[in-house]
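Chain residues, written in single-letter form:
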Amino acid sequence: MEELIQQKWREELCPGLNGVLFANGELVLMECALLMEESVTQVRVQPLARSTLSSALEFNENRWTFITELASCSWEEGNLRLSCGEGSMGGDGYVAAVRSDDDRLVWVAFFDCSNPFQEIRVADAEAVAVSTHGHVWRFPLEHPERVTVQS
């Protein structure tokens with residue numbers, strides 16, 4: 001499964017599922033809701049379940065979606081390059097951690113309600129990504145499934 005994930009990553013594809021996919025095929029499914037009150041939008045995310053990419057593909061093998069990188073940065077301390085951007089539907093986005101030395105995916109987080117991510121940086125061992133909505137998403141680099149969102 002890991003080689004399939006790496007191959008799809010090189011083809012600029014990731015699973016179109018709300019959640020975090022790790023290179024070993026572990027998948028943390030996430031609930032993602034966009035809440036709108038008057039002119040203010042908020043995003044709420046929380047883990048739902050641990051699963052595997054194999055299990056998800058068993059029910060729909062065409063779960064892959066194209067992604068486009070909009071920004072990246074290096075985190076030399078962790079030998080990582082962080083990447084963020086958009087999915088093929090326009091309202092979705094991704095954040096990923098890739099090993100700097102060989103460009104192999106470590107993890108990728110995808111959300112269909114985030115809007116594209118246009119900025120990324122590292123602060124306090126977290127990937128900090130800003131969406132086109134202006135929401136700040138913080139992904140702990142060691143546990144990206146513990147993501148938080150600030151409006």
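Up top you'll find the structure we're talking about.
Residues numbered from 1 in each chain as written. Predicted model: local features only at pLDDT ≥ 70, side-chain atom pairs only at ≥ 80, totals over all residues. Heavy atoms only, no water.

(A) Examining the pairing of strand 9 (residues 117–123) more closely. As judged from the six bridges shared by strand 9 and strand 10 (residues 126–131), these two strands associate in the antiparallel manner. In the strand pairing of strand 10, Ala123 is matched with Glu126. The antiparallel pairing of strand 9 with strand 10 creates a hairpin that spans two residues between the two strands, and Asp124 there sits at a positive phi of about 55 degrees. (Pairing = 2+ DSSP bridges. Helix = DSSP H or I, 4+ residues; strand = E, 2+ residues; numbered from the N terminus.)

(B) A look at the nonpolar core. Residues Val45, Val95, Trp107, Phe111, Ile120, Trp137 and Phe139 are the most contacted members of the largest nonpolar core, which totals 28 residues. Grouped together as the second largest cluster of nonpolar side chains are 18 residues, Cys14, Leu17, Trp64 and Tyr94 included. (Core = buried A, V, L, I, M, F, W, Y, C linked by side-chain atoms within 4.5 Å. Buried < 20%, exposed > 50% of the residue type's maximum accessible area, 1.4 Å probe, protein only.)

(C) Just the pairing of strand 8 (residues 105–111), in detail. Most of strand 8 is tucked away: six of the seven residues are buried. Inspection of the sheet shows strand 2 (residues 19–22) paired to strand 8 by four bridges, in the antiparallel sense. Opposite Leu21, over in strand 8, you have Val108 as the bridge partner. In this sheet, strand 8 lies alongside strand 7 (residues 93–99) in antiparallel orientation, the contact comprising six bridges. Counted as the bridge partner of Tyr94 is Phe110 from strand 8. Hairpin connection between strand 7 and strand 8: a loop of five residues separates the two successive antiparallel strands, and Asp103 in this loop has a positive phi of roughly 60 degrees.

(D) Examining unusual backbone geometry more closely. Phi is positive for Asp103, close to 60 degrees, though the residue is something other than glycine. Position of Asp103 relative to the elements: it lies in the loop between strand 7 and strand 8.

So far we have only geometry, and geometry alone does not tell us how the molecule works.
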